[in-house]
Amino acid sequence: MILRPKLHWLRMLFVWRGSVLPIIMPQLVATTTFAILITLLHGAILSWKVSLNFVPFSLIGITLAIFLGFRNSTAYARYWEARTLLGTILVAARSLAGQGMSLSSDPQAAKSLAYRLCAFSHAVKHQLRGTDPRDDLRHFLSAEDAQKVQESRYPAAKSLWFTNQWVGENLRQGNIQAAVVPALEQSIAQLGAALGGCERIASTPIPFTYSVIIHRCIYLYCFWLPFGLQDAIGYMTPVIVCIIAYTFFALEALGAQLEDPFGTESNDLPLSAIAYTVEASVLELVGEAPRTEQPMLKDFVLL
Amino acid sequence: MILRPKLHWLRMLFVWRGSVLPIIMPQLVATTTFAILITLLHGAILSWKVSLNFVPFSLIGITLAIFLGFRNSTAYARYWEARTLLGTILVAARSLAGQGMSLSSDPQAAKSLAYRLCAFSHAVKHQLRGTDPRDDLRHFLSAEDAQKVQESRYPAAKSLWFTNQWVGENLRQGNIQAAVVPALEQSIAQLGAALGGCERIASTPIPFTYSVIIHRCIYLYCFWLPFGLQDAIGYMTPVIVCIIAYTFFALEALGAQLEDPFGTESNDLPLSAIAYTVEASVLELVGEAPRTEQPMLKDFVLL
Amino acid sequence: MILRPKLHWLRMLFVWRGSVLPIIMPQLVATTTFAILITLLHGAILSWKVSLNFVPFSLIGITLAIFLGFRNSTAYARYWEARTLLGTILVAARSLAGQGMSLSSDPQAAKSLAYRLCAFSHAVKHQLRGTDPRDDLRHFLSAEDAQKVQESRYPAAKSLWFTNQWVGENLRQGNIQAAVVPALEQSIAQLGAALGGCERIASTPIPFTYSVIIHRCIYLYCFWLPFGLQDAIGYMTPVIVCIIAYTFFALEALGAQLEDPFGTESNDLPLSAIAYTVEASVLELVGEAPRTEQPMLKDFVLL
Amino acid sequence: MILRPKLHWLRMLFVWRGSVLPIIMPQLVATTTFAILITLLHGAILSWKVSLNFVPFSLIGITLAIFLGFRNSTAYARYWEARTLLGTILVAARSLAGQGMSLSSDPQAAKSLAYRLCAFSHAVKHQLRGTDPRDDLRHFLSAEDAQKVQESRYPAAKSLWFTNQWVGENLRQGNIQAAVVPALEQSIAQLGAALGGCERIASTPIPFTYSVIIHRCIYLYCFWLPFGLQDAIGYMTPVIVCIIAYTFFALEALGAQLEDPFGTESNDLPLSAIAYTVEASVLELVGEAPRTEQPMLKDFVLL
Amino acid sequence: MILRPKLHWLRMLFVWRGSVLPIIMPQLVATTTFAILITLLHGAILSWKVSLNFVPFSLIGITLAIFLGFRNSTAYARYWEARTLLGTILVAARSLAGQGMSLSSDPQAAKSLAYRLCAFSHAVKHQLRGTDPRDDLRHFLSAEDAQKVQESRYPAAKSLWFTNQWVGENLRQGNIQAAVVPALEQSIAQLGAALGGCERIASTPIPFTYSVIIHRCIYLYCFWLPFGLQDAIGYMTPVIVCIIAYTFFALEALGAQLEDPFGTESNDLPLSAIAYTVEASVLELVGEAPRTEQPMLKDFVLL
């Protein structure tokens, strides 16, 4: 996630970091070069004049804009849903830790619950990013339990199970009363739902065919555009083609980034920072300091 | 569902699998042929010149785009709601299995609950796809219970009932306390709600009249379009008609696929893979290996 | 609700059932006739030439399309919310019947609960359609209770009360434990919420003023359109006016149908079929056959 | 809320009640008069010809339409959320009354709960409309309690507190068991949430700056429009300006009405009718007749 | 938040407070000046005529409008979600205070709970605004507890923990029964979820890249616009450029304000007023007067 102080409107026009320009540069250069070529040839290929004007482009343009808009709203909705689910993990972890502290009769047990929650939040991060949870888990779980999580097919779900286990054990030991268990289970269910939601977003892309249709339309549009503009605006054609292509390519590229928000591209969600927040917040409740290192902003990007 | 690694932007222009081109080929060829014909005849039918220009098409075009956009958003919303409901089945099944393991005093009983959940997830898949659940059910249910499910009018609901039954029996046997039952019932209710939601989507198409109106407008538009373009852009008419028709036909065809996401077309939801995930995840919690075969990606398509 | 197998794209152009053409025929004929008249008079009324071209129509057209789109999305959202609420009735009825079966110690009592749920689902149908529930209720309620429901100002709410009553009686008789009552009450509350939601949709139309503004704009647009097109496209004017008017009138008419989805028009929700599904599903859980007649598809329409 | 039987399409063009025409008349007349003046002057002010054509208006028009559309959807979303919250009050009040009747061992106590719910629903109405609750409250509360509600800074919240109180008292007296209290508290929490939601909508308008920007754009657009149209369509300019201005002004005026749906304008929500429905429905459950007068439809308007 | 009585339509055109004009003045003046310059030079730079007409602008304009519309809807959705979350704090605080009063057997304990809720609501305000909570907290917490909150990394979460603590202590002292704890925990969980939601909105801006793309497109558009209009509308170019630039700049600026709704700009949410309402409402329930000063409307702005 890119975090930077509000920029002056002039400064914002020329900002480089946080722009998708580097990603779409090749396409943009190719399209503009082609437009320059067509302009120099006055819209003719092998002295065969292509008879196009702006009419078809205004017919297609709006359709394209509406569907690119749909693609973008959908990608953003996935991004925001993912963020909300990660926020739910923070909320439910705090809630469960607080319930453990206040409702159990053994304060030491509550700490054990807090550690399991920290392990869960780091396990989620590593599962979604496909990284190795070993280093983070050993701060919070016994070697044996950490091993079980790592060997699991669904490590985050496995580590959530330890909180279920905590409830079962403390119920049997009489540390918590049966009547308050539904409240604890409610919080655990929320953690499970948030995890399941993240897994769903990670495993289900926007239907591939959408991307194909929109991708093709954008490139067909930008490819033919110089022929359509060249009679009307002459040597300004490449400039306008470049601007239009920038808008379309940039929005498509950003959509592709937001669609899968768990990666490590600069617009992706700061999974590490969120996992750290869960850890710090839960450990603070039980009166301890965080055990892993706080992820820092680097080049305005937080991961 | 189509799953393929991110493609280069050039490669993506010419991808064949995952494109709806094969489906809309006949219409597209028909429309383009007609446009070529009209262009050759210079827009005249039986030497009777059709007096159209682009004006009416820009008037209709935007309306069409907005309604096709509505149709598409609606179809996608159904697709995503269906995916979310299936995700809820995973979440609630894990949650219930975990509660069964931790809150009941008989570990063997918890395994029995897990088997019932696996049976449920496969029953949902078979009911939505209209296939025979026999082979999958026998892994998890007694012959007698499997028979009951198969003979039932609503097999998935019937197999969910076995989890209710489990709660009732274990409550009466004292394996679980009455006070924790609401937590278990909450998870069962979520499974029932997810099933009911899938049944709703499967049984209620987008109002047929919408499809008719939009279908008619698209074809009327593409049929008259050559007459409107031909004076302005001459022999480029068929190219442009083909591009516009491709956009409209492709989006309509994709909408029709997403609208009913439980089938086995390449953009449909991977019901088998999801049912397998529920099984593997729930059995892992009770310390067992999956019993059915894992569905694999085939030609980039997961079913 | 119209249910028909997927049609070939050519067949779909000429389908008559499920189209709104019959409803909008008068307006469409009137508008087209007027357009023909104007074309014959070359856009002049009493030899007074109306000086219009397409410019104003492109200015108004897009605004009109956006607001007609809003009107339509809103109508569809009501339709889909209503369908979801009816689906919730199925889900919660099954859930409650299952809980009654598994959590009460008296199997006969569970049957009594199932009957009350069937009565509720039919009472909802009759209340929303304004029909007489007598014939359906007598299958499930005692003559006295059926009488009470029929005489009630809010019959569906009254019949839902019988499930509350069931919980109270069985709690007092010791058939169910107090600790599981919240789970049962949760399901009853969902039934009540679904009923209340349906009542809300039925009693609150889309603000009348919206319909007036959009209706007026559509007709003003189609009335003036021939004057605007006639200089540009001559004798093709009536054809284009007819196509544009068809799109606008059809979408407006469909919006009006979907907005109030509890009626018996062909695009309305199949209340009878849903009530029957609730009955069949709940009775199957308690091991009985349905008692009312199953509503069948007739001319592709299910009511 | 305007409730009238479906009108014939011709009748609907000329309906006066329910139209916002009376409200926007002054602006509409001013704009049209100005357009007539400009047309007579042939677009020149003090023989200084204003060089405008339709181009800028098509550039601005679509932006304006999109933002007016956003403004309208937002206003409607507030209207519908408010309606849904009021519906929740009906649902939760019925639910709580039913629970009180079935779960408490003292039928007389249940009546007392029902009266408190009636008082709450009327208190909500009066608080949102800013009217005096005295007359309605005395039907349901003791003089002392009614006094407390009236003197309260948040009268509706105060009257909801009496239901909390009822639960506490009946719990202490042993009329209800502790284990069922969460079910009752759930219903009370829903009533509180619905009230809070209504207070939120009533106290938070759509950001004022939106209204300002959109208002200014609409008027700037309609003011300059005659200059842009007059060369193209001559003496038809005032007609077209009047139609376009009608669309924009009418949608803006309706948006302003819907945005604050608790007033007594004709498109506002029927708070009185809803409060009466809550009362009638809850009292019917405890076997009593309504005590306040039923609000009737007057000139097709229900308040 | 700007609160002002409804203005007359003429008055609203010239209102200054609540307009974003002051913020966008520099850009607007720069753009208009540039347009005047280009108009005086007849679209030529260094006697090199820029060959542009309105065509490219109608192609880009609609895309720009759609994406600016998306940006705005997203910003407003954040604003409204934030408002709803703050409303939930009021709702759940009232609910919890009411439950404390009615379900605990010690009225003095209920007051202690109410104070903790007031402290929480003020802690939320100060955390979101980054201000010092000292002055507000000392009204409600002991010096020691206030100190703990202030030293905490997550002060609002820490102060919410005191309500958890209250439940634990009163449960152990027998003031409340275990069976009612889930109802109390439900309310606390809602408070935690509302806090977490606010923290999420405050810490996660709309992806920076969106702002960059849209910002660039708007400025590129307004910069080239004079060249495109100047042949068509001559000396009216600066007027039209100014109007179009005003619309775009104003909507962008408002979007940027709403996106981060917890600040102290005039369109931001009235955090102080809401915290005061929570305090006043909760203290009224326990029969006390508010202890902090009521924030007042100042220049039509409530903070």
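As recorded by an unreviewed UniProt entry, chain A carries the name Bestrophin and is attributed to Lampropedia puyangensis. As recorded by UniProt, the Subcellular location (unreviewed entry) comment attached to chain A reads in full: "Cell membrane". Among the UniProt annotations of chain A, the heading Sequence similarities (unreviewed entry) holds the following wording: "Belongs to the anion channel-forming bestrophin (TC 1.A.46) family."

**Some remarks on the overall build of chain A**
Counting its regular elements, chain A contains eleven helices and two strands. When the helices and strands of chain A are read in sequence order from the N terminus, they spell out α-α-β-β-α-α-α-α-α-α-α-α-α. Relative to the compact-globule value of 19 Å for 303 residues, chain A shows a C-alpha radius of gyration of 26 Å, a clear excess of over 25%. Taken along the three principal axes of its C-alpha coordinates, chain A extends 90 × 35 × 30 Å. Counting 23 positive and 22 negative side-chain charges, chain A places the centres of these two groups 4 Å from one another.

**Focus: the packing of aromatic side chains**
Residues and elements named next belong to chain D. For the coordinates displayed, the defined rule picks out 70 aromatic pairs over all chains. Aromatic side chains Phe-34 and Phe-227 sit 6.1 Å apart centroid to centroid with 70 degrees between the ring planes, which places their arrangement in the edge-to-face category. Here Phe-227 lies in helix H9 (residues 208–233) and Phe-34 lies in helix H2 (residues 21–40), a separation of 193 residues in the sequence. Under the relative-accessibility criterion, Phe-34 is labelled partly exposed at 23%.

**Regarding the UniProt feature "transmembrane region" (unreviewed entry) in chain A**
All names here are of chain A. UniProt records the feature "transmembrane region" (unreviewed entry) for residues 20–45, 51–70, 208–227 and 233–251 in the present numbering. Within residues 20–45, the helical portion is 77% and the strand portion 8%, while the C-alpha atoms at the span's ends are 33 Å from each other. Between the end C-alpha atoms of residues 233–251 the distance is 25 Å, and the span holds 84% helix and 0% strand.

**Thoughts on the packing of helix H3 (residues 55–103) of chain D against helix H11 (residues 271–285) of chain D**
Residues and elements named next belong to chain D. Between H3 and H11, the least distance of the axes is 9 Å, while the angle of their chain directions is 15 degrees. The angle between H3 and H11 places the two elements in the roughly parallel class. Between H3 and H11 the crossing geometry is right-handed. Contact with H3, carried on its side by Arg-83, Leu-86, Ile-89, Leu-90, Ala-93, Arg-94, Ala-97, Gly-98 and Met-101, involves Leu-271, Ile-274, Thr-277, Val-278, Ser-281, Val-282 and Leu-285 of H11 and no other residues of that element. Across the contact of H3 with H11, the residue classes tally to eleven nonpolar, three polar and two charged.

**Side note on the relation of the copies chain C and chain D**
When chain C is fitted to chain D, the residual RMSD is 0.0 Å, and the transformation amounts to a turn of 72 degrees plus an axial shift of 0.0 Å. What the superposition gives is, in effect, a five-fold axis relating one chain to the other. Relative to the rotation axis, the C-alpha of Ala-179 of chain C is the closest in chain C, positioned 4.4 Å from it. The share of interface residues of chain C whose copies in chain D are also at the interface is only 6%, consistent with the copies meeting through different surfaces.

**Focus on the interface of chain C and chain D**
The interface of chain C with chain D comprises 65 residues on the first partner and 74 residues on the second. Taken together, the two surfaces of chain C and chain D that pack against each other cover about 6000 Å², and 70% of this comes from carbon and sulfur. When the area that chain C buries against chain D is broken down by residue, the three leading residues are Leu-59, Phe-208 and Arg-216 of chain C, summing to 12%. Applying the counting rule to chain C against chain D returns one salt bridge. Where Arg-94 of chain D meets Glu-199 of chain C, a salt bridge forms, and the shortest distance between an N and an O atom there is 3.1 Å. Where chain C meets chain D, there are 15 residue pairs in polar contact (both at pLDDT 80 or more). Among the secondary structure elements, those contributing two or more residues to the side of chain C that touches chain D are helix H2 (21–40), strand E2 (48–49), helix H3 (55–103), helix H7 (155–172), helix H8 (181–203) and helix H9 (208–233) of chain C. Counting residues per element, the side of chain C that touches chain D draws most heavily on H8 of chain C, which supplies 13 residues. Across the side of chain C that touches chain D, the residue classes break down as 38 nonpolar, 17 polar and ten charged.

**Observations regarding unusual backbone geometry**
Backbone geometry places Asp-299 of chain A, a non-glycine residue, at a positive phi of 55 degrees. Of note, Asp-299 of chain A is situated in the segment after helix H11 (271–285).

**Considering helix H6 (residues 143–151) of chain C**
Residues and elements named next belong to chain C. The set of residues buried in H6 consists of Asp-145, Ala-146 and Val-149. Buried residues in H6, looked at end-on, bunch into an arc of 100 degrees, giving them a common side. Of the residues in H6, the exposed ones pointing more than 90 degrees away from the buried face are Ala-143, Glu-144 and Glu-151.

**Some details on the interface of chain A and chain E**
Counting residues at the interface gives 74 residues for chain A and 66 residues for chain E. When chain A packs against chain E, close to 6000 Å² is buried across both sides, 70% of that on carbon and sulfur atoms. For the interface between chain A and chain E, the tally reads one salt bridge. There are 15 residue pairs in polar contact (both at pLDDT 80 or more) connecting chain A and chain E. Mapped by element, the contributors of at least two residues to the side of chain A that touches chain E are helix H1 (9–13), helix H3 (55–103), helix H8 (181–203), helix H9 (208–233), helix H10 (237–259) and H11 of chain A. Class assignment for the residues of the side of chain A that touches chain E results in 48 nonpolar, 20 polar and six charged.

**As for the relation of the copies chain A and chain E**
Least-squares fitting of chain A to chain E yields an RMSD of 0.0 Å, with the superposition described by an axial translation of 0.0 Å and a rotation of 72 degrees. An overlap of only 5% is found between the interface residues of chain A and their copies at the interface of chain E, pointing to separate contact surfaces.

**Quick word on the environment of Leu-103 of chain C**
With respect to the helices, strands and loops of the structure, Leu-103 of chain C is situated in helix H3. Residue Leu-103 of chain C is classed as buried on the basis of its relative accessible area of 6%. Ignoring sequence-local partners within four residues, the contact set of Leu-103 of chain C consists of Val-167, Leu-171, Val-181 and Glu-185 of chain B together with Asn-175, Ile-176 and Val-180 of chain C.

**Observations regarding the packing of H8 of chain A against helix H3 (residues 55–103) of chain B**
Interaxial distance between H8 of chain A and H3 of chain B falls to 9 Å at its minimum, and their mutual angle equals 140 degrees. Between H8 of chain A and H3 of chain B, the crossing angle belongs to the class labelled oblique. Crossing of H8 of chain A against H3 of chain B: the hand is right-handed. Note on element contacts: H3 of chain B touches H8 of chain A through Trp-80, Arg-83, Thr-84, Leu-90, Val-91, Arg-94, Ser-95, Gln-99, Ser-102 and Leu-103 of chain B, opposite Val-181, Glu-185, Ala-189, Gly-192, Ala-193, Leu-195, Gly-196, Glu-199, Arg-200, Ile-201 and Ser-203 of chain A. Considering only residue class, the contact of H8 of chain A with H3 of chain B consists of nine nonpolar, seven polar and five charged.

**A look at the pattern of salt bridges**
Residues and elements named next belong to chain B. Taken as a whole, this structure holds 35 salt bridges over all chains when the rule is applied. In this structure, Glu-288 engages Lys-111 in a salt bridge whose closest nitrogen and oxygen atoms are separated by 3.4 Å. One end of the pair, Glu-288, is in the segment after helix H11 (271–285); the other, Lys-111, is in helix H4 (residues 107–129), with 177 residues separating them in the sequence. Given a relative accessible area of 22%, Lys-111 falls into the partly exposed group. We note a salt bridge from Arg-134 to Asp-132, for which the minimum N-O separation is 3.6 Å. Taking the relative accessible area as the measure of exposure, Arg-134 reaches 47% and is therefore partly exposed.

**Some remarks on the environment of Val-278 of chain D**
Residues and elements named next belong to chain D. Turning to its location among the elements, Val-278 is positioned in helix H11. Taking the relative accessible area as the measure of exposure, Val-278 reaches 1% and is therefore buried. Placed 49 residues apart in sequence, Val-278 and Leu-229 show a C-alpha to C-alpha distance of 55 Å. Setting aside chain neighbours within four positions, we find Val-278 in contact with Ile-89, Leu-90, Ala-93 and Ser-121.

Quick notes on the rules
- Residues numbered from 1 in each chain as written.
- Chains lettered and ligands numbered in written order.
- Predicted model: local features only at pLDDT ≥ 70, side-chain atom pairs only at ≥ 80, totals over all residues.
- Heavy atoms only, no water.
- UniProt positions renumbered as here; feature names shortened; annotations may be inferred.
- Helix = DSSP H or I, 4+ residues; strand = E, 2+ residues; numbered from the N terminus.
- Rg over C-alpha atoms; globule rule 2.2 N^0.38 Å.
- Lys, Arg positive; Asp, Glu negative; His and termini not counted.
- Charge placed at Lys NZ, Arg CZ, Asp CG, Glu CD.
- Phe/Tyr/Trp six-rings, centres within 6.5 Å; stacked < 30°, edge-to-face > 60°.
- Buried < 20%, exposed > 50% of the residue type's maximum accessible area, 1.4 Å probe, protein only.
- Axes fitted to C-alpha atoms, helices over the stretch in contact; angles between N-to-C directions.
- Parallel < 35°, antiparallel > 145°, perpendicular 65-115°, else oblique.
- Left-handed = near helix turned anticlockwise from the far one by under 90°.
- Contact = heavy atoms within 4.5 Å.
- Nonpolar A, V, L, I, M, F, W, Y, C, P; charged D, E, K, R; others polar.
- Least-squares fit on C-alpha atoms with pLDDT ≥ 70 in both.
- Buried area = accessible area lost by both parts, 1.4 Å probe.
- Salt bridge = Lys/Arg side-chain N within 4 Å of Asp/Glu carboxyl O.
- Polar contact = N/O pair within 3.5 Å; in protein donor to acceptor, adjacent residues only side chain to side chain.
- Arc of directions from axis to C-beta.

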